[in-house]
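Structural overview
In case you want the letters, here they are:
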Amino acid sequence: MLKTLVKKIKLPFSSPANDQFDYFKAVKQADMTPLVVNTDVTRVKSLESKYQNDIWLKREDQQPVFSFKLRGAYNKLRQLPTGSDVVTASAGNHAQGLAYSANHLGHKSRIVMPSTTPQIKIEAVRNFGGQVIIHGHNFDAANAYALELAKKEGAIFVPPFDDRDVIVGQGTVARELLEQLPNLDVVFIPVGGGGLFAGMSMYIKSINPDIKVIAVEAEDSACLDAAMKAGEPVDLDYVGSFADGVAVKRIGKETFRLAQQYCDQVITVSSDGICAAMQDIFVSMRAIPEPSGALSLAGLKQWCEETGETGQQLAAVLSGANLNFNTLRYVAERTALGQKNEALLAVTIPEQQGSFKAFCKAIHSRPITEFNYRYAANSERAEIFVGIGLRNGEEELAEVKQELTDGGYEFVDLSDDELAKLHVRYMVGGRGGAATKERLFRFDFPEYPGALLRFLETLGSKWNISLFHYRNQGAAIGNVLAGIDVPESDNEEFAEHLQQLNYQYSEESNNPCYQRFLG
């Protein structure tokens with residue numbers, strides 16, 4: 001039975017003595033009218049029966065710019081004199097919030113955006129009245145240029161998250177949430193640079209310290225988790241691009257200071273988990289969030305599964321819905337894996353007639369969602385790449401593995417192998433020649449004109465590209481798989497070329513999926 005008792009609300013406690021700025025008072029008094037919408041809270045009914053908890057989403061996708069970022073930008077800009085010249089750097093939601101707020105308040109806004117920014121976001125900023133300046137191939141380059149521009153022309157630079165006024169604006173999400181749902185047990189908040197988490201967690205804990213506040217990060221851009229472990233903000237070596245709204249290399253100094261005080265726990269979730277949460281939101285309310293918008297719900301689900309808690313009042317923030325439509329192709333492919341409704345396996349079967357039929361019998365005719373195979377002459381064994389539909393998640397997957405073991409099959413579970421999911425599933429059937437010294441690499445390509453040409457020119461013509469796979473996912477960064485024929489005597493020179501290229505990469509030459517299907 002779900003809990004229905006309302007907790008006693010405690011009086012706000014004072015800010016720490018060393019903090020001269022009263023965040024709680026500022027959030028309490030922040031006037032967000034008329035620009036910011038008081039957004040709804042909506043029940044996620046599709047998950048409530050599964051987890052036996054009351055589950056709510058704070059619908060920041062209902063803002064005029066489809067993101068909570070409007071709050072921070074508006075709170076910052078509303079305190080400036082009319083006609084101010086403001087500058088920022090952003091590839092997404094902060095840019096739209098700033099442009100919309102500046103246009104309403106009579107300010108001049110210039111937003112520096114990297115060349116990798118999707119056209120849909122560039123046009124949105126322009127439609128909201130902002131002047132777009134395209135500069136650099138990544139956020140760091142755009143941000144450096146925006147800071148230089150502001151200094152040179154005496155404009156006001158508006159940071160996307162590490163700013164007191166911005167933090168206060170984001171904190172008004174919590175003010176509304178606790179007015180709407182005063183008896184919450186746990187609140188899940190997405191983290192990128194930390195502005196939303198800092199503002200919300202401070203306000204929630206000031207009202208009622210008994211409410212647990214949990215930060216949720218994408219596992220490939222977990223800058224808060226890294227800072228918590230280091231005791232200070234640190235740079236991540238790598239930042240993933242799927243949940244681009246939270247793809248931040250280093251958490252803000254002030255946002256981290258507040259997070260240290262008010263955070264109860266940090267949860268990191270996979271891209272598959274985010275995709276599954278996006279589907280949950282669509283099923284429950286026919287809304288389509290952006291990946292970072294579904295991040296906190298993915299964390300809520302993971303928390304429920306790991307703790308087994310029931311009878312709780314849980315809330316998560318649907319932080320935004322500025323989705324590049326092309327991303328849906330990727331989401332659809334990964335959702336079944338995220339929901340544990342599908343498993344990907346590499347299985348060795350005899351290269352003889354009737355082997356596929358025997359394999360299907362071994363797994364008791366479970367649904368096959370994908371099957372990749374190519375005949376190999378003069379071979380007694382074949383490698384198949386197979387997707388198997390599951391009804392009972394991990395429990396049923398364990399049964400499938402036992403059935404394969406009992407049937408004498410050799411297999412590898414590829415369900416968590418990014419190489420398999422991004423590339424190999426589309427490439428099964430081709431192998432390199434025996435004479436090649438192929439090394440396999442995964443590269444993050446910035447999606448700007450000439451990126452591939454630069455890649456080829458940097459590597460030069462000395463080494464042959466023996467394998468190449470790329471598929472646009474509608475993000476600022478593309479995933480490229482490349483096999484390169486590199487004799488051992490050239491390894492040192494090749495390493496210098498990779499360093500000069502300066503793309504993020506990982507070598508996958510020893511990946512078992514590659515060895516089975518393409519090596």
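Overview of the structure. (Residues numbered from 1 in each chain as written. Predicted model: local features only at pLDDT ≥ 70, side-chain atom pairs only at ≥ 80, totals over all residues. Heavy atoms only, no water.)

1. Section: the pairing of strand β3 (residues 85-89)
Within β3, five of the five residues are buried, which leaves the element mostly enclosed by the surrounding structure. Residues Asp85, Val87 and Ala89 point to one face of β3 and Val86 and Thr88 to the other, with burial holding for every one of them. One ladder, built from five bridges, connects β3 with strand β4 (residues 108-113); its direction is parallel. When the sheet's bridge partners are listed, Ala89 is paired in β4 with Val112. In the classification by handedness, the crossover that spans β3, the intervening helix α4 (residues 93-105) and the parallel β4 is right-handed. Relative to strand β6 (residues 156-157), β3 runs parallel, the two being bridged by two bridges. The residue of β6 that forms the bridge with Val87 is Phe157. (Buried < 20%, exposed > 50% of the residue type's maximum accessible area, 1.4 Å probe, protein only. Helix = DSSP H or I, 4+ residues; strand = E, 2+ residues; numbered from the N terminus. Pairing = 2+ DSSP bridges. Right-handed = clockwise from strand over helix to strand, strands pointing away.)

2. Structural notes on the environment of Ala198
With respect to the element layout, Ala198 can be found in helix α8 (residues 195-207). Judged by relative accessible area, which is 0%, Ala198 ranks as buried. What Ala198 contacts, discounting residues up to four positions off in sequence, is Ile167, Thr255 and Leu258. (Contact = heavy atoms within 4.5 Å.)

3. Side note on a nonpolar patch on the surface
Taken together, the side chains of Phe282, Val283 and Ile288 define a hydrophobic patch exposed on the protein surface, amounting to about 250 Å² of accessible area. By secondary structure assignment, the location of Phe282 is in helix α11 (residues 271-285). According to the relative accessible area criterion, Phe282 is partly exposed, its value standing at 38%. (Patch = residues over 30% accessible without salt bridge, like charges linked within 9 Å, V, L, I, M, F, W, Y side chains within 5 Å. Areas by Shrake-Rupley, 256 points an atom, 1.4 Å probe, with all protein chains shown as cover. Salt bridge = Lys/Arg side-chain N within 4 Å of Asp/Glu carboxyl O.)

4. Thoughts on the packing of aromatic side chains
This structure, assessed with the given rule, holds eleven aromatic pairs. Geometrically, the ring pair formed by Phe21 and Tyr23 is edge-to-face, given 4.8 Å between the ring centres and 75° between the ring planes. Measuring from ring centre to ring centre gives 5.7 Å for Phe188 and Trp303, while their planes differ by 65°; the resulting arrangement is edge-to-face. Residue Phe188 is located in strand β7 (residues 186-190), and its partner Trp303 is located in helix α12 (residues 295-307); the two are separated by 115 residues in the primary sequence. For the pair formed by Phe188 and Trp303, the shared burial category is buried. Linked through ring pairs, Phe441, Phe443, Trp463, Phe494 and Tyr505 together constitute an aromatic cluster. (Phe/Tyr/Trp six-rings, centres within 6.5 Å; stacked < 30°, edge-to-face > 60°.)

5. Overview of the sheet that holds β4
The strand order across the open sheet formed by four strands is β5-β4-β3-β6, and the pairing between neighbours is parallel. Of all the strands in the sheet, just β5 (131-134) and β6 have a single pairing partner and so form its edges. Its contacts with the sheet put helix α6 (residues 139-153) on β3, β4, β5 and β6, and the angle it makes with β3 is roughly 160°. (Axes fitted to C-alpha atoms, helices over the stretch in contact; angles between N-to-C directions.)

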